[in-house]
Amino acid sequence: MDTELIAVCAVQIFVLTLVVVAIVVYLLRHLMCRSRLDVTGRSLVITGCDSALGFDLARRYDHLGFRVYAGFENTAGEAAVRLQADASSRLRIIPLDVTCTASLAAAAKLVKEQLPPLEKGLWALINAATYCVCGELEWQTQKHCEQQFRVNYVGVVDSIRIFLPLLKSGGGRIINVGSLAGGHNDPEPGLSIYSGTKHAVEGLSEALRFELARVGVDVSLVQPDSSFLDKCLFDQHHKKMNEMWNEMTPELRLANQDIFIAYHDRVAKSKSEELEMDDMETATRAQTPTIPVNLCRCFDDALMAKSPSDVYVAVPGCATRFRISLLFCIPSGLRQYIVQRKYKHNIANILKV
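Each value, and the rule that gives it
Within each chain, residues carry numbers counting from 1 in the order of the written sequence. The model is predicted, so local features are restricted to residues of pLDDT at least 70 and side-chain atom pairs to those at 80 or more, both for listing and for counting; the totals for chains, interfaces and linings are taken over all residues. To get the side-chain values, take all heavy atoms of the structure and skip hydrogens and water. Each helix corresponds to a stretch of at least 4 residues labelled H or I by DSSP, and each strand to a stretch of at least 2 residues labelled E; elements are numbered beginning at the N terminus. Buried, partly exposed and exposed residues are distinguished by accessible area as a fraction of the type maximum, computed with a 1.4 Å probe on protein chains only: under 20%, between the cut-offs, and over 50%, respectively. A contact between two residues is defined here by any heavy atoms of the two lying within 4.5 Å. All accessible areas in this document rest on Shrake-Rupley with a 1.4 Å probe, and a residue is counted as covered only by the protein chains that are shown. Note that the arc is computed from the directions linking the helix axis to the C-beta atoms. Axis definition: a line fitted to C-alpha atoms, over the contacting stretch in the case of helices. Angles run 0 to 180 degrees between N-to-C directions. Oblique is the label for any angle not under 35 degrees, not over 145, and not in the 65 to 115 range, which are roughly parallel, roughly antiparallel and roughly perpendicular in turn. The crossing is said to be left-handed when, going from far helix to near helix, the turn is anticlockwise and less than a right angle, and right-handed when the turn is clockwise. Any two of the Phe, Tyr and Trp rings considered here, Trp counted by its six-membered ring, make a pair once their centres fall within 6.5 Å; the pair's planes then place it as stacked at under 30 degrees, edge-to-face at over 60, or tilted in between. Residues are grouped as follows: Ala, Val, Leu, Ile, Met, Phe, Trp, Tyr, Cys and Pro are nonpolar; Asp, Glu, Lys and Arg are charged; all remaining types, including Gly, are polar. Think of it this way: DSSP has to see at least two bridges between two strands before they count as a pair. Summary of the metric used: pLDDT quantifies the predictor's per-residue confidence within the range 0 to 100. For a helix, the expected span equals 1.5 Å multiplied by the residue count minus one. Here the bend at a residue means the angle between the axes of two seven-residue stretches, the one that ends at it and the one that starts at it. Within this scheme, the nonpolar core is defined by two criteria: the residues are buried Ala, Val, Leu, Ile, Met, Phe, Trp, Tyr or Cys, and they are joined through side-chain atoms within 4.5 Å. Whenever a carboxyl oxygen of Asp or Glu lies within 4 Å of a side-chain nitrogen of Lys or Arg, that contact is scored as a salt bridge.

Asks: For the overall build of the protein chain, give the residues involved together with the corresponding values.
Replies: Each helix and strand counted, the protein chain has 13 helices and seven strands in total. A total of 353 residues make up the protein chain; the buried ones form 44% of that total. Considering only residue pairs separated by 6 or more positions, the protein chain has 74% of its internal contacts joining residues 24 or more positions apart. As displayed, the protein chain offers around 18600 Å² of accessible surface, 60% of which is attributable to carbon and sulfur atoms.

Here's what the structure looks like:
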């Protein structure tokens, strides 16, 4: 009897010890994540600065003291000129097209030549270049599909491969931009191709994290809710819509006319609501980032924390977080019913107008 009691007590003590150790490890990791690195003498490359996300990240981290190499496809465009005028002398505008390996190689060479002598390499690469065409798979043209994969996935792979030597030399980190639309928890009908590219980026980041751990390069994935990236995603929406319609077969047009127009009216309405706020934002753009605070915190932590997290999920509020968690827990049949019902409901509301 005494032996059994001792054994039970030993098991209880062992379990209690494991719980205490787990709590201590969690608290220590939390403290490490909260502690920030000194940004002095650290350089980073940001792709896709032609878009709102890359533009705001470049401006933000220049103001925080980083040496920023902002990659633009069009270095003479309005966005590049505005950023250079607003930035410090540390920021460099560099030509960078993620779909062109020659452009990436030239950018990497330029960055290497311009790095200060005391810096061994790059501190971070932020893959912010994003391209999206809104519309169901059968509506989109071959060019639309290919361009989304070239920018959102192949461009990320090529950027990492070409800048990796500089990142290894600097003991740096890679920050990839995914999307909740690219995961299992928050499917978004009408963004099937885009979701596929972001799901690929998520898988790439997971495996790459283990591959690069031995050379001291961290890999983090930031997953914004799609509503955070409206300005990036809906660029040239009407032009893309016309391209889709022009390349549809007569049979496909006849079968999809009502839902095609209703879907794109919904997207255009969302875009117009964003544009209505542009005049107000322009007045304060130089002082305040236009990307949401939650998303800023995710990028800040991934870039400056001593021990960055593997994945950062940025959602607008508790209600969205609860909805995503609920969709993850419920049976797949019920999840499909809820998502489809929401999609049809949004379209139906426009068809009634």
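Asks: Can you break down helix H8 (residues 237–247) residue by residue, with the values?
Replies: Think of an α-helix as turning once every 3.6 residues; residues three or four places apart then point the same way. Every buried residue belonging to H8 is among His237, Lys240, Met241 and Met244, and all of these are buried. Along the axis of H8, the buried residues cluster in a sector spanning 105°; they form a single face. H8 presents His238, Asn246 and Glu247 as exposed residues on the side facing more than 90 degrees away from its buried surface.

Asks: Give a detailed account of the packing of helix H2 (residues 52–63) against helix H11 (residues 293–304), specifying residues and quantitative values.
Replies: Here H2 crosses H11 at 55°, and the two axes come no closer than 12 Å. What the angle tells us is that H2 and H11 run oblique. Where H2 crosses over H11, the handedness of that crossing is right-handed. Across from Leu53, Leu57, Arg60 and Tyr61 in H2, the residues of H11 making contact are Leu295, Cys296, Phe299, Asp300, Leu303 and Met304.

Asks: Residues and numbers for the packing of aromatic side chains, please.
Replies: Throughout the structure, instances matching the rule amount to four aromatic pairs. Here Trp139 and Tyr263 contribute two aromatic rings whose centre-to-centre distance is 5.8 Å and whose plane-to-plane angle is 65°, an arrangement assigned as edge-to-face. Of this pair, Trp139 sits in the loop between strand S4 (124–127) and helix H5 (142–170) while Tyr263 sits in helix H9 (residues 250–275), and the two are 124 residues apart along the sequence. No difference in accessibility class separates Trp139 from Tyr263, as the two residues are buried.

Asks: Please give an account of the packing of H2 against helix H3 (residues 78–86) that cites residues and values.
Replies: Where H2 meets H3, the closest approach of the two axes is 10 Å, and the angle between their N-to-C directions is 15°. Classified by the interaxial angle, the pair formed by H2 and H3 is roughly parallel. Of the two elements, H2 crosses H3, and the hand of that crossing is right-handed. In this structure, H2 uses Phe55, Ala58, Arg59 and His63 to contact H3, whose residues at the interface are Ala79, Arg82, Leu83 and Asp86. Residue classes in the contact of H2 with H3 are distributed as four nonpolar, one polar and three charged.

Asks: Can you lay out the sheet that holds S4 for me, pointing to particular residues and giving the numbers?
Replies: Strand order in the open sheet formed by seven strands is S3-S2-S1-S4-S5-S6-S7, with parallel pairing between adjacent strands. The strands lining the two open edges of the sheet, one partner per strand, are strand S3 (92–95) and strand S7 (311–314). When strand polarity is set aside, the average angle formed by the axes of neighbouring strands in this sheet is 20°. Bridge count for strand S6 (residues 218–224) against S7 is four bridges, and the pairing is parallel. In the strand pairing of S7, Gln223 is matched with Val313. With respect to the sheet, H2 is in contact with strand S1 (43–46), strand S2 (67–72), S4 and strand S5 (173–177), its orientation differing from that of S1 by roughly 165°.

Asks: Any chance you could break down the confidence of the model for the protein chain for me, citing the residues and the numbers?
Replies: Chain-level statistics for the protein chain give a pLDDT mean of 82 and a share of 75% at 70 or above. Within the protein chain, the lowest mean pLDDT, 43, falls on helix H10 (residues 278–284), and the highest, 98, falls on S4. Residue range residues 277–289 is modelled with pLDDT below 50. Its contacts to residues more than four positions away, or to other chains, number 15 contacts. Confidence over residues 348–353 falls short of pLDDT 50; this stretch has five contacts with residues more than four positions distant or in other chains.

Asks: Explain H5 to me, and be specific about the residues and the numbers.
Replies: Taking 1.5 Å per residue, 29 residues should reach 42 Å; H5 reaches 40 Å between its end C-alpha atoms and fits that length. At Leu164, H5 shows its strongest bend, of approximately 55°, with the proline Pro165 following within four residues. Two residues or fewer after H5 comes Gly171, characterised by a positive phi angle close to 60°.

Asks: Give me the nonpolar core: which residues, what numbers.
Replies: If you look at the biggest cluster of nonpolar residues, it comprises 36 residues, and the most contacted ones within it are Ile46, Tyr61 and Phe299. Within the residue set of this core, elements represented by two or more residues are S1, H2, S2, H3, S4, S5, H11 and S7. Among the elements that make up this core, the one with the highest residue count is H11 (seven residues). Grouped together as the second largest cluster of nonpolar side chains are 28 residues, Leu96, Ala107, Leu125 and Leu221 included.

Asks: With reference to specific residues and values, describe the pattern of salt bridges.
Replies: Within the structure shown, the criterion is met by ten salt bridges. One salt bridge in this structure joins Asp62 and Arg90, with 3.8 Å as the shortest N-O distance. In this pair, Asp62 is assigned in helix H2 and Arg90 in the loop between H3 and S3, connecting sequence segments 28 residues apart. Exposure remark for Asp62: the relative accessible area of 0% places this residue in the buried category. Among the ionic pairs, Arg82 bridges to Glu78, the shortest N-O distance being 3.5 Å. Of this pair, Arg82 and Glu78 both sit in helix H3, four residues apart, roughly one helical turn. Salt bridges linked by common partners bring Glu206, Arg209 and Asp310 together as one network.

Asks: Just give me the short version of the environment of Gln114, but keep the residues and values in it.
Replies: Note that Gln114 resides in helix H4 (residues 101–114). By relative accessible area, Gln114 is classed as partly exposed at 33%. Along the primary structure Gln114 and Tyr69 are separated by 45 residues, whereas in three dimensions their C-alpha atoms are 9.8 Å apart. Filtering out sequence-adjacent residues up to four positions away, Gln114 remains in contact with Tyr69 and Arg92.

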